[in-house]
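Listed here are the chains, written in short residue letters.
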Amino acid sequence: MADLTGVWPRETPRPYESDGEGLVYKAFKNGLPDGWTAWHSLKIRSATGDNGEADFVVAIPDLGVIIVEVKDGIISVRDGQWYQNGRRMKMPPRSQALRFAGLLQERLGDAGCRAPFAVVTVFPDTPADNLPTQDDMRSRLFVGQSLPQMCEVLRREAGRMIDGKFGCPAGPWIERIHQMWGETWRPRMTLGNRHEYNEERRVMMDDDQRVLLDQTEKTRLALIYGMAGSGKTMLAREKAIHAAREGRRAMVLTFTDPLATGLAQALRQQGIAVWTVRRFAQDLLKKAGRPGADGTTPEFWDGVCQRAVTEALPPADELPDLVIVDEAQDFSDGDWALIERLCAKEDGVHDCWAFCDMTQSFWPERKPPAWLKHGMVFDLEGVYRCPPSIMALAGAIVGGIPVSDGSQPLKPPCVDKDSGRIVLPESTMDAILDGIRTEAIKIIETRDDAAIPHAVETEVAALFKGHLEPGDIAILSLVGRDAEGSITKRQRIFVNKTAVAADSERSAERLVADTCLRFKGLERPAVIVTDLNLPAARKNLAVRLFIAMTRAQDFLRIVAPASAIDEVPVLRAVINAARETGESTK
């Protein structure tokens, strides 16, 4: 049990209106007997709703409590009436404290505890050699010049002051009083409840995004920029649904198979076609009976869209009325060549909506084509997926909160010249540490590479214990699925649950283990990021981390050995700062 002895609050008194309370607080700080506990400003409420407050409550083990009522100003008695600074008091000095004592006994009794009491009054601003003769004040009053001796007098006289007719203290009464005083409160929710709460907030914020769709209903060509978590994929899906309701033939094109699979499942009832652009090109070649359409080599895939343009374009009556492109920053010039032919209309306008975040561009040479910027250009400013703490950490790693259209180059974090340590803005570090405190962020440092699978499984088990389901969790590797040592190759079973690829038909309800690049455009309530230690992760490491981390809707876990964390100075700086503030990153 924590040591509760001494004065509470430890550093400064709670806010008070009476300067005299500050003087009494200082007196207790300077002279409270060893083993005693004193609380400033204890407020309680009975089961029937009666409220009470004591200026100070002093707990004396094996004896009971002394309730201290402080009356500042010049106190006097005339004609049997009590006056404060010349004005008659509404109640005698001890009345409020005696009423509080009754409430305290009731509250302690509710908890199965008991503590005899005494009431003491202090007039810290009233100097006097003589004391009032009112009998209940006898030996229970301290005036200005006696305040320095108050603690010593209480130590000597407490046994006689406290009324023994109430019996001896019983039960954990000191701990109960401390609980009622309220030392700390750290808001906590189970992981499952926090996810549900965040999900409700995200649904509310999506209403603002739907306004954008309504206001731009007739816009045929649009380029929408938005950082990770700003709702690009949700808007792409909603735009496709709007078009289908109007009787228009919409097609959604993505770059990765998992995103195409997820969108296809969401849009199946509307009959909207969803493809990765290159698999669509391959399908065109197959339907046209072109030789070599079953290719699987990287060279085949790099050129498949250009081949479709020259060899297998569908007839005009089979072209889509609207092409929607998600994760547009990843499409190559050949990919765009096919998209342009699919969406170009006879009046010279392209019917295309493209959603883009240049910060997540893994191939810096790839950029949206010039014709795409001839229409309306929008910027989604809000971030709806990630908590601010996760976004702050991701932004710090990639070099600040990015500009999604790529117009401003990312800057590396500042480094202190003397210590060589990363220095983050105070607001950024505060946000990250708040995420650690609320368990939105955990950084798990393993002893070596071999300990990674066990650490990942431990985190999966903890998330299950927090009432998350397998379909709420994604384990993301920073390297390819075929890379030696990847978590996706080393382990397929986590806490008796089989992990599937992100593009599996069963992925919606299953635990997913895949790569961060294949998971682009997707999200899960909880994301575990690992494989920072593998050589393949070092290419564009900051971008890989940013992509992986911003897939997390509520909870982010980073699992890596110490040597890999040292390669990401921001992570090491966060761990050090958390330790200095007494927070655990694990």
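Model, not experiment: these values are computed from the prediction.

K.L.:
Help me out: how do you make sense of the nonpolar core in this one?
P.N.:
One broad trend across soluble globular proteins is that nonpolar side chains are buried collectively. Membership of the largest hydrophobic core comes to 78 residues, with the highest contact counts inside it found for Leu-393, Leu-478, Val-529, Leu-532, Leu-545, Leu-571 and Val-574. The element that contributes the greatest number of residues to this core is helix H11 (residues 388-398), accounting for eight residues. Leaving out residues up to four positions away in the same chain, Val-529 has contacts with Leu-476, Leu-478, Leu-545, Ala-548, Met-549, Leu-556, Arg-557, Ile-558 and Val-559. If you look at the next biggest cluster of nonpolar residues, it comprises 36 residues, including Phe-280, Ala-293, Trp-336 and Ala-337.

K.L.:
When you look at the side chain of Ser-504 in this model, what are you seeing that I'm missing?
P.N.:
Take Ser-504: it is sitting in the loop between strand E21 (497-498) and strand E22 (512-515). Here Arg-506 takes part through its backbone nitrogen, which lies 3.1 Å from a polar atom of the side chain of Ser-504. Other than its neighbours up to four places away in sequence, Ser-504 contacts Thr-261 and Gln-265.

K.L.:
Any chance you could explain the confidence of the model for the protein chain here in plain terms?
P.N.:
Reading fine detail from the predicted coordinates is not recommended where pLDDT is low. Residues with a pLDDT of 70 or more make up 89% of the protein chain, whose mean pLDDT is 87. The secondary-structure element of the protein chain with the lowest mean pLDDT is helix H5 (residues 191-215), recorded at 57, while helix H8 (residues 277-287) shows the highest, at 96.

K.L.:
Is there a simple way to explain helix H6 (residues 232-245) in this structure?
P.N.:
Structurally, the α-helix is built with 3.6 residues per turn, so residues lying three or four positions apart point the same way. Its 14 residues place the ends of H6 20 Å apart at the C-alpha level, agreeing with the 20 Å of an ideal helix rising 1.5 Å per residue. Turning to H6, its buried residues number three or more, namely Lys-232, Thr-233, Met-234, Leu-235, Ala-236, Glu-238, Lys-239, Ala-240, Ile-241 and Ala-243.

K.L.:
Honestly, the pairing of strand E11 (residues 250-254) in this entry has me stumped. Any pointers?
P.N.:
On any regular strand, side chains alternate: one points to one face of the sheet, the next to the other face. Burial runs high along E11: five of the five residues are buried. In E11, alternate side chains face the same way, and those of Ala-250, Val-252 and Thr-254 on one face and Met-251 and Leu-253 on the other are all buried. Summarising the sheet, E11 and strand E13 (residues 322-325) pair through four bridges and their orientation is parallel. Across the sheet, residue Leu-253 finds its bridge partner in E13, namely Val-325. Sheet topology note: the E11/strand E12 (residues 273-276) ladder contains four bridges and is parallel. Bridging from a neighbouring strand, Met-251 pairs with Ala-273 of E12. Since E11 and E12 lie parallel, the crossover through helix H7 (residues 257-267) that links them has a hand, and here it is right-handed.

K.L.:
How should I be thinking about the environment of Val-529 in this particular structure?
P.N.:
Relative to the helices and strands, Val-529 resides in strand E23 (residues 524-530). Using a relative accessible area of 0% as the deciding quantity, one classes Val-529 as buried. Sequence separation between Val-529 and Ile-475 is 54 residues, and the spatial gap between their C-alpha atoms is 6.1 Å.

K.L.:
Explanation requested: the sheet that holds strand E9 (residues 141-143) in the structure shown.
P.N.:
As summarised here, the arrangement of the six strands in space is E1-E2-E3-E4-E8-E9, forming an open sheet in which the pairing is mixed. Strands at the two margins of the open sheet, each flanked by one partner only, are strand E1 (6-8) and E9. If you compare each strand with its neighbour and ignore which way they point, the axes differ by 30° on average. Where strand E8 (residues 117-123) and E9 come together, three bridges link them in parallel fashion.

K.L.:
Whenever I open this one, the environment of Gly-247 confuses me. Can you help?
P.N.:
Relative to the elements of secondary structure, Gly-247 occurs in the loop between H6 and E11. Considering only alpha carbons, one finds Gly-247 and Asp-321, 74 residues apart in sequence, at a separation of 9.5 Å.

K.L.:
Explain the pairing of E8 to me, please; I cannot follow it from the model alone.
P.N.:
Most of E8 is tucked away, with seven of its seven residues classed as buried. The side-chain alternation of E8 yields two buried faces, one formed by Phe-117, Val-119, Thr-121 and Phe-123 and the other by Ala-118, Val-120 and Val-122. Both strand E4 (residues 64-70) and E8 contribute to a ladder of six bridges, which runs parallel. Pairing of Ile-67 across the sheet is with Val-119, part of E8.

Parameters at a glance
Residues numbered from 1 in each chain as written. Predicted model: local features only at pLDDT ≥ 70, side-chain atom pairs only at ≥ 80, totals over all residues. Heavy atoms only, no water. Core = buried A, V, L, I, M, F, W, Y, C linked by side-chain atoms within 4.5 Å. Buried < 20%, exposed > 50% of the residue type's maximum accessible area, 1.4 Å probe, protein only. Helix = DSSP H or I, 4+ residues; strand = E, 2+ residues; numbered from the N terminus. Contact = heavy atoms within 4.5 Å. Polar contact = N/O pair within 3.5 Å; in protein donor to acceptor, adjacent residues only side chain to side chain. pLDDT = per-residue confidence, 0-100. Expected span 1.5 Å × (residues − 1). Pairing = 2+ DSSP bridges. Right-handed = clockwise from strand over helix to strand, strands pointing away. Axes fitted to C-alpha atoms, helices over the stretch in contact; angles between N-to-C directions.

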